[in-house]
Amino acid sequence: MEVLEFDTLQDKLLLKNGNYLYKIPFRDGEAVLKVYYGSRPLWRYMTGTFGNIVFSGQTSFMPKARLKTELECLALWREHGFRVFDVYPDVVVKAPEAPEGGYAVYEYVPGRRFVDLLPDPSVPEDEKFELYRRFLKQWHRRHELAIELREPRLIHENGDMKHVMLWKDDLVWFDFEMCFRSRNRVREFVAREILAFLKSLGKTVEDDFPRYLDETIEHYPNREYLEYAHTYIWRNPNPFRRVGRWLDFKLKSRPKKPYSKYRVAMAIQDRLG
């Protein structure tokens, strides 16, 4: 075991987002220490866990459970050829901010997230769309694997352009603290992830979204998965969900926003004809 000792990590704080991420010196470079015990109170972890398990079909929100889930998903995605953060399991960190059994040490990857790269006017458009086509190819391959293997952990529970980056010509995927649980609902989870990423894409590129959506229709290989994203929202086999979403769209303002999952599903279906 390799032991790293620090009197404090406060001067090494990289990000606070419910967890604490610290950039620490490691070997000849740097690593990221992720502490899963964050700023939330115990009652928030408990209510989040109840909602995840009972209503959302997801894994626990408790700190040690999120650590376990993330390590399992990283290993699974890596096994199937997707670039994710390396993990240093034999490193022990001794510091007041690092509770035993509540942290992991990861590779430091200073890449550019899609949410920052795609709207950047200094990046040529040809490069952006070539990169997006690479994203679509990997995205589809993962969806195919998830459905073939009935493996919900291959679906990104928090699909967002903030959670994929470009680093040394690789697409790097991250943020796997929670995942879906049911092996019988993988097709539904694929539809949910498609809408989540496209919703995030719309907010990221805004006026260029129609062109990116056209690229999606043209270069995402499986039309059926895209069609089911519309069915998942507007023609769901579950009558309670179908009625609930219809009421949600009719009575609330948020679902009517340009890049809501409702609008994105409609835009997909419109382009598919």
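Preceding this paragraph is the structure being described.
Residues numbered from 1 in each chain as written. Predicted model: local features only at pLDDT ≥ 70, side-chain atom pairs only at ≥ 80, totals over all residues. Heavy atoms only, no water.

A. Examining the side chain of N236 more closely. Examined against the element boundaries, N236 turns out to sit in the loop between α7 (223-234) and α8 (239-251). Given the relative accessible area of 4%, N236 is considered buried. Once residues within four sequence positions are removed from consideration, N236 is found in contact with T231, R241, R242 and R245. (Helix = DSSP H or I, 4+ residues; strand = E, 2+ residues; numbered from the N terminus. Buried < 20%, exposed > 50% of the residue type's maximum accessible area, 1.4 Å probe, protein only. Contact = heavy atoms within 4.5 Å.)

B. Quick peek at helix α6 (residues 209-219). Listed as buried for α6 are F209, Y212, L213, E215 and T216. All buried residues of α6 project into a common sector of 155 degrees when viewed along the axis, lining one side. In this fold, the buried residues of α6 make contact with α4 (125-149), α5 (186-205), α7 and α9 (261-272). (Arc of directions from axis to C-beta.)

C. Focus on the packing of α8 against α9. Between α8 and α9, whose axes approach to 11 Å, the crossing angle comes to 105 degrees. Between α8 and α9, the angle is such that the two are roughly perpendicular. On α9, the residues that touch R245, D248 and F249 of α8 are Y262, R263 and M266. Here the contact of α8 with α9 is built from residues that sort into 3 nonpolar, no polar and 3 charged. (Axes fitted to C-alpha atoms, helices over the stretch in contact; angles between N-to-C directions. Parallel < 35°, antiparallel > 145°, perpendicular 65-115°, else oblique. Nonpolar A, V, L, I, M, F, W, Y, C, P; charged D, E, K, R; others polar.)

D. Summary view of the nonpolar core. The biggest cluster of nonpolar side chains holds 64 residues, and the ones touching the most others in it are F135, W173, I194 and I268. Here this core takes 10 residues from α5, the largest share from any one element. Excluding anything up to four places from it in sequence, I268 contacts I194, L195, L198, L213, I217, L226 and A229. Of all hydrophobic cores here, the second largest spans 15 residues; its members include F26, A31, L33 and V105. (Core = buried A, V, L, I, M, F, W, Y, C linked by side-chain atoms within 4.5 Å.)

E. Structural detail: the pairing of strand β6 (residues 103-107). The buried count for β6 comes to 5 of 5 residues, which makes it a mostly enclosed element. Two strands pair when backbone bridges link them, and strand β4 (residues 29-35) and β6 are joined in this way by 5 bridges, in the antiparallel orientation. Across the sheet, residue A31 finds its bridge partner in β6, namely E107. (Pairing = 2+ DSSP bridges.)

F. Highlighting the pattern of salt bridges. Counted according to the given criterion, the structure contains 24 salt bridges. Between D116 and R113 there is a salt bridge; the shortest N-O distance is 3.2 Å. R183 serves as the salt-bridge partner of E151, at 4.0 Å between the closest nitrogen and oxygen. You can see E151 sitting in the loop between α4 and β8 (164-167) and its partner R183 sitting in the loop between β9 (170-173) and α5, a full 32 residues away along the chain. A relative accessible area of 41% means that R183 is categorised as partly exposed. Connected through shared salt-bridge partners, K68, E72, E151, R153 and R183 make up one network. (Salt bridge = Lys/Arg side-chain N within 4 Å of Asp/Glu carboxyl O.)

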